[in-house]
Amino acid sequence: MPHRRHVLAGAAALAFPALRPVRAQGWPNRPLRLVATFEPGGAADQLARAIAAGLGPELGQTVVVENRTGAAGNIGTEMVARANDGHTFLLCSTGPMAYHTILFRSLPFDPQKDFTPIGFAAWSPNIFATRNDLGWKRLDEVVAAAKAAPGKLNFGSAGTGTTQHLAGEMLQEAAGIHLTHVPYRGGAPALRDLLGGQLELLVTTGSGANMMREGKITPIAVMGEKRIAALPDTPTMQEAGLRGFSATAWYGVVGPGGLPAPAVARMSAALRAALTDENLIARMRDQTMDVQFSTPDDFASFIAVERRKWQPVAQRFAGTM
């Protein structure tokens, strides 16, 4: 499959600065930053802003969301890895934490050493969708069209190396079809091009859920293990005929490596309180997200499991990017 391998720019060999001391008493003593590696307005950005709004009252400080997009999330992730002020955190995602060490020749951070887990935040299944004017309603119709014209149908994603990209690659492998991947810098521009007729297909997350509910684009299948409340009539890939298929993104909060235990404990407690807010849960459900909290230790264990799960998948496609 004709893809260029993208090499992440940056001096990976530079040592990260030591984390400034964080005192148990009086932390946090100034506003905090929550870095989001997603474009403003998308579902993940909305999750970041909802979490930030919930954290503020719990911590007694303003929490500002800072969007740092690009390189499938690696630019913003590096920014937090290098932060040394004890007040910068990341809404992390599957790719940089689980499999980017395989997809990219070099990373300017070590996902296992350069971050301190705070807690899990939400699941977000990918969704396979298409334009209304093409008339496809079912997965078998899309597969038949793709087999009739190998490589002629385009599928858009939020960027090379994102879970949406890998989900599209996994779909092609499972269905025995050949699509052409068109990467974007976020889900919003991919949605615009689908609506504008430049794409036939799209792998997206909650960013497109409202348009699907409004009938502007057609959801073909949910790429998770179960149907979602936001699109109850949309089948899973397994229900549509691809047994065992699952490609679900997830989000959590981490700080830079070496964050002192008192700061971790207080931040984790604040995150738990934010994620149990019923309004936040309902808002994220509308964006196809299933909110769920876990402790720092449980989140660290989860990330380790996800690395083992995604690495064989990433390895199969590492040479195609």
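Rules behind the numbers
Residues numbered from 1 in each chain as written. Predicted model: local features only at pLDDT ≥ 70, side-chain atom pairs only at ≥ 80, totals over all residues. Heavy atoms only, no water. pLDDT = per-residue confidence, 0-100. Contact = heavy atoms within 4.5 Å. Helix = DSSP H or I, 4+ residues; strand = E, 2+ residues; numbered from the N terminus. Pairing = 2+ DSSP bridges. Axes fitted to C-alpha atoms, helices over the stretch in contact; angles between N-to-C directions. 1 Å grid on protein atoms, 1.4 Å probe; cavity = no way out; pocket = protein on both sides within 12 Å on 5 of 7 lines; lining within 4 Å. Points joined across faces, edges and corners; volume = space filled by probe spheres on them. Nonpolar A, V, L, I, M, F, W, Y, C, P; charged D, E, K, R; others polar.

### Section: the confidence of the model for the protein
When pLDDT is averaged across the protein, the result is 89; 91% of the residues are at 70 or more. Here residues 1-19 is modelled with pLDDT under 50, and outside its nearest four sequence neighbours on either side it reaches 51 contacts, counting other chains as well.

### Regarding unusual backbone geometry
Omega for the peptide link from W27 to P28 comes to -5°, which places this bond in the cis form. Looking at the element boundaries, P28 is found in the segment before β1 (32-36). With a phi close to 70°, T288 is a non-glycine residue in the positive phi region. The residue T288 is located in the loop between α10 (278-286) and β11 (290-291) in this model.

### Here's the deal with the sheet that holds strand β9 (residues 217-222)
Strands sit in the order β7-β6-β8-β5-β9 across an open sheet of five strands; the sheet is mixed. The outermost strands of the open sheet, each flanked by one partner alone, are β7 (180-183) and β9. The mean angle between the axes of side-by-side strands here comes to 30°, regardless of whether they run parallel or antiparallel. Bridge analysis of strand β6 (residues 154-157) against β7 gives four bridges, and the strand direction is parallel. For F155, the partnering residue across the bridge sits in β7 and is H181. Strands in contact with helix α6 (residues 187-195) are β5 (127-131), β6, β8 (201-204) and β9; relative to β8, the strand with the most contacts, it is inclined by about 155°.

### Here we look at the layout of surface pockets
Considering only enclosed or pocket space, the largest pocket measures out at about 590 Å³ in volume. A72, A158, G159, T162 and G186 are the residues nearest the centre of the largest pocket, which is lined by 39 residues in total. Secondary structure elements with two or more residues in the lining of the largest pocket: α1 (43-59), α3 (94-103), α5 (163-175), β8 and β10 (248-256). Ranked by residue count, the leading element in the lining of the largest pocket is α3, at five residues. Counted by class, the lining of the largest pocket contains 15 nonpolar, 21 polar and three charged residues. Approximately 500 Å³ is the volume found for the second largest pocket. If you trace the second largest pocket, you find 21 residues lining it, with W123, P125, G224, E225 and T248 closest to the centre. Contributing elements (two or more residues each) for the lining of the second largest pocket: β4 (115-125), α10, β11 and α11 (296-317). At three residues, the largest contribution of residues to the lining of the second largest pocket is made by α11. A breakdown of the residues in the lining of the second largest pocket according to their chemical character gives eleven nonpolar, four polar and six charged.

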